[in-house]
Amino acid sequence: MTVTKGKAREKKNTVKTAKIKVSEKTSPKAVSASDQVKQHDCDPCEALDATFKRQVQGVLGRDENATNDMYSALASTIKLQLLEQWRETRLKDNQYQQKQVAYLSLEFLMGRTLGNALLSLDLTDDTHAALKQYSADLETLQEAELDAGLGNGGLGRLAACFLDSCASLDLAVVGYGIRYEYGMFKQKLVDGYQVEQPDRWLREGNPWEVRMANHAITVPFFGHTESYVDLKGHRHYVWIDTQDVNAIPHDMPVPGFRNGRINTLRLWKAEATDDFDLAEFNDGDYTEAVARKNLAEQITMVLYPNDASENGKELRLRQQYFLSSASLQDIIQRYVAVHGTDFSRFSELNVMQLNDTHPSIAVPEMMRLLMDSHGLNWDQAWAITSKSVAYTNHTLLPEALERWPVRMLKHMLPRILDIIYEINARYLEDVAHHWPGDNDKLAAMSIIEEGHEPHVRMAYLAIVASFSVNGVAGLHTKLLKSGLFNDFYQLWPDKFNNKTNGVTPRRWLAHCNPRLAQLLTRRLGDSWMTDLTQLTALNAFTDDKAFIKQWQAVKYDNKVDLTKLIAQECEVVFEPEMMFDVQVKRIHEYKRQLLNILHVIHLYQRIVADDTEGLQPRCVLIGGKAAPGYAMAKQIIKLANNVAHMVNSDPLVTPFLRFAFLPNYNVSAMEKICPATDLSEQISTAGKEASGTGNMKFMMNGAMTIGTLDGANIEMLEEVGEDNFFLFGLNADEVSQLKPHYNPQQYIQQSPALGHVLEMLKSGHFNLVEPGIFDSIIAAIEDPYDQWMIAADFEAYRVAQEKVSQVYADQHHWTQMSIRNTAASGRFSSDNTISAYRDEIWHAK
Ligand code: M8P
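Residues numbered from 1 in each chain as written. Predicted model: local features only at pLDDT ≥ 70, side-chain atom pairs only at ≥ 80, totals over all residues. Heavy atoms only, no water.

Asker: Hey, could you go over a positive patch on the surface for me, with residue numbers and the actual values?
Answerer: On the surface, Lys186, Lys188, Arg200 and Arg203 cluster together into a patch of positive charge. Along the chain, the position of Arg203 falls in the loop between β6 (193-197) and β7 (210-211). (Patch = residues over 30% accessible without salt bridge, like charges linked within 9 Å, V, L, I, M, F, W, Y side chains within 5 Å. Areas by Shrake-Rupley, 256 points an atom, 1.4 Å probe, with all protein chains shown as cover. Salt bridge = Lys/Arg side-chain N within 4 Å of Asp/Glu carboxyl O. Lys, Arg positive; Asp, Glu negative; His and termini not counted. Charge placed at Lys NZ, Arg CZ, Asp CG, Glu CD. Helix = DSSP H or I, 4+ residues; strand = E, 2+ residues; numbered from the N terminus.)

Asker: So what's going on with the sheet that holds strand β21 (residues 618-623)? Which residues, and what values?
Answerer: Pairing in this open sheet of six strands is parallel, and the strands run β22-β21-β20-β23-β24-β25 from one edge to the other. In the strand order of this sheet, the two ends are held by β22 (657-662) and β25 (726-727), each with one partner. Bridging between strand β24 (residues 704-707) and β25 involves two bridges; their strand directions are parallel. In the strand pairing of β25, Gly707 is matched with Leu727. Those strands touched by helix α33 (residues 811-823) are β23 (679-682), β24 and β25, and its axis lies near 85° from that of β24. (Pairing = 2+ DSSP bridges. Contact = heavy atoms within 4.5 Å. Axes fitted to C-alpha atoms, helices over the stretch in contact; angles between N-to-C directions.)

Asker: So what about the nonpolar core? Which residues, and what values?
Answerer: Across soluble globular proteins, nonpolar side chains show a tendency to be buried alongside one another. Counting 139 residues, the largest nonpolar core has Ile78, Phe221 and Trp842 as the members making the most contacts within it. No other element matches the nine residues that helix α10 (residues 314-339) contributes to this core. Setting aside residues no more than four positions away along its own chain, Trp842 makes contact with Lys99, Val101, Cys166, Leu171, Val173, Val351, Gln353, Ile834 and Tyr837. Counting 69 residues, the second-largest nonpolar core is a separate cluster that includes Val600, Met632, Val643 and Ile683. (Core = buried A, V, L, I, M, F, W, Y, C linked by side-chain atoms within 4.5 Å. Buried < 20%, exposed > 50% of the residue type's maximum accessible area, 1.4 Å probe, protein only.)

Asker: Could you give an account of the pairing of strand β12 (residues 262-272), with specific residues and numbers?
Answerer: Consecutive residues of a regular strand have side chains that alternate between opposite faces of the sheet. Here β12 lies mainly inside the structure; eleven of its eleven residues are buried. Of the two faces of β12, the one carrying Ile262, Thr264, Arg266, Trp268, Ala270 and Ala272 and the one carrying Asn263, Leu265, Leu267, Lys269 and Glu271 are both buried. Inspection of the sheet shows strand β4 (residues 173-178) paired to β12 by five bridges, in the parallel sense. Among the inter-strand pairings, Val174 is bridged to a residue of β12, identified as Thr264.

Asker: Go over empty space enclosed by the protein, please, and point to the residues and values.
Answerer: Scanning the model with the defined rule gives nine cavities of 30 Å³ or more in all. Here the largest cavity is characterised by a volume of approximately 180 Å³. Around the largest cavity, the lining comprises 15 residues; the ones closest to its centre are Met110, Thr113, Asn116, Pro253 and Arg507. If you list the elements that add at least two residues to the lining of the largest cavity, you get α4 (114-121), α7 (154-168) and β11 (243-255). If one sorts the elements of the lining of the largest cavity by residue count, β11 sits on top with four residues. A class-by-class count of the residues in the lining of the largest cavity yields eight nonpolar, three polar and four charged. Counted as a void, the second largest cavity has a volume near 90 Å³. It is helix α31 (residues 775-782) that provides the largest number of residues to the lining of the second largest cavity, a total of three residues. (1 Å grid on protein atoms, 1.4 Å probe; cavity = no way out; pocket = protein on both sides within 12 Å on 5 of 7 lines; lining within 4 Å. Points joined across faces, edges and corners; volume = space filled by probe spheres on them. Nonpolar A, V, L, I, M, F, W, Y, C, P; charged D, E, K, R; others polar.)

Asker: Tell me what's going on with the site of the ligand, and back it up with residues and numbers.
Answerer: Close contacts around the ligand come from 20 residues, with His394, Asn501, Glu689, Ser691 and Gly692 the closest. Contact between the ligand and Tyr590: an oxygen atom at 3.3 Å from a side-chain N or O atom of the residue. The contact in question runs from an oxygen atom of the ligand to an N or O atom on the backbone of Ala690, over 3.3 Å. Contact with the protein chains covers 91% of the free accessible surface of the ligand, which is 590 Å². (Near = heavy atom within 4 Å. Polar contact = N/O pair within 3.5 Å; in protein donor to acceptor, adjacent residues only side chain to side chain.)

Next up, the structure:
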């Protein structure tokens, strides 16, 4: 499969190697494929030059010596360069020559745009040239861009990778999301504790967005419903006395990789409507009216952290409905503009992919729009809705399963609640038909969870209305079918399918690791960027001494770069000669950062006891944010910082071990971390991590994985083979079998190493002046109800880490394994994942 199109494809094999230079700096220039056809008729370099000059000199107040000003001048220049192709893409897609896909997501974790846009448009060299007349260099300007952190972690970043692949595969896909004023909070450390600070990512404006005020949509809230019967005897419903909010689209470009397509990420901003305030203005209640205006605009103010303690918050439901309603109205308007109100072709020409249940209120909203606004009857509306909605599940964790109080829906979205009840009543007839007389089944499968406070089960609503329900890795899908959604699987086995996640090789290899990208391109040509399976050709070079040396040099230089970031952010000196052992991801008990920290303590004890035989010098890095209300996750961060302090301040220890916690881990940090990592920690309790995607980024960049049989690790292991992967621990079946009679003491007795670690923790060695602060962590490890089974896996983890050290000691062998990991990573390109969505779910093209 390749995504190189048209003229570019004709030229694919004529790489002008002369233009590919070896660059010492981390510069995207190194990977620019100079064989690609430029997309402009005039000399692109001159056009870019001239626009850039106008942006620098022609915009009042821009200062040539201010990095931020130069960044926004450059970003505006590149945006202007892509406007024409962007418009052409939109005009073409408005004709519905191919099926239109809407990817609905509350989160898009885009990170920075500039570097990726330059790579996709093949403008890196021209930009370097245009910058020559100025004092700024491209790298510095790229660093000035603030991350668009409109997501919590993997789920939001997956949406961003998918958009990149959709555009690069020439698919007509619009990402629909929310333009949060405040993205993911910024994490600071104070005394080793996480402190959250607001992320005002828009404070200096967003040069990439285009505000489309003329495409504004009105979204209703509150009010009540009434019904009437028309002359033909048909009952109609109206939702009246609503408080309306305007949804203003802010579009961001999503360029395909050198194929001329520019897709759109449409982010909605909430603004008060004029008539919202009118009555009160007239009554003279000015302050009340302004307060209400703020209420409307609150909807898109802040991204919700993925936090169990935030479950059921009213503002979050308002966000979900706001996104769903605005996006569906937009999709329907576009369709009606071409096909009128004949909806018979709607589901053939449109599909809506729900990124988890977060936008699943779109199901009843679609029914409402088709019936109440466009006059369809129930059966017609249901036939269309249920043929155009597909749902992706991303997690089995019970606390992440969304349920909304019926009471809240009744107040905020009365018409929507009526429709949910009707969907439920009709669907339960199917259930009753399938399991006659089984009332327990009806209660268990009902969309409404009865009880003291009845709730709407959003996952059930999504499953009932969707023609496709997919999990995000093989094991995860299997567990969905056999566990959480088993009843639904029995009822509709054909709905269920697996789509293993992937990550975009443009950002996660070409852009973030220019040294490796250049090495790959020299050996293989550059079409690996659009067909990552070509990397399997690397297996031919595992005995090539010169190649091995080059591979090692790349890793070494990347490590040197990372040491600078670590020194600056953590005040810890990492040595590039030592092994870089990394775990970066959200802090959660199931991800088991605690297991990693216990292992660090174990190494520390060995070094202090002078038991260093077979130890390989290591630098351990942990990074990630804890949900603000997740007390245990915050304690784990504090423990990491206290242990790091002890490790790094003992000169007898530091030759063997250094330990840092990186604050404010985000997309841009990962772009520096994954190219420099030797060992990737993917150590979740088996059965808990649906897929993982960081694991894939590390693998692509030649890191070895130490990991459990969980999520996509299983498929990574399948691709690379057991000899090139450090596997340990219980599998998912063993975890669930052990659960009822788990006895941590038994494991503690069987592992002297774990016993010593716990003794030291209990002695207060890491919290001498902070008595008792780690008691809850110690209790959790020793708790027979510890779901994460830290004690059960510790010994196997320790042994696997010994094996890691042994292998690392043989650098030649380690490098061969590293090459094999990159070579085997092709399956985890999101191009591959999206091709499967396209062929098996969307049937687009
Ligand atoms: C996110 C929320 C955000 C705000 C409020 C409530 C939320 C509830 C759940 C989630 C959520 O599921 N987040 C995930 S799922 N984050 C992830 O990284 C997950 O999706 C990834 C992409 O499929 C998977 O790779 C991860 O294994 C999975 O944990």
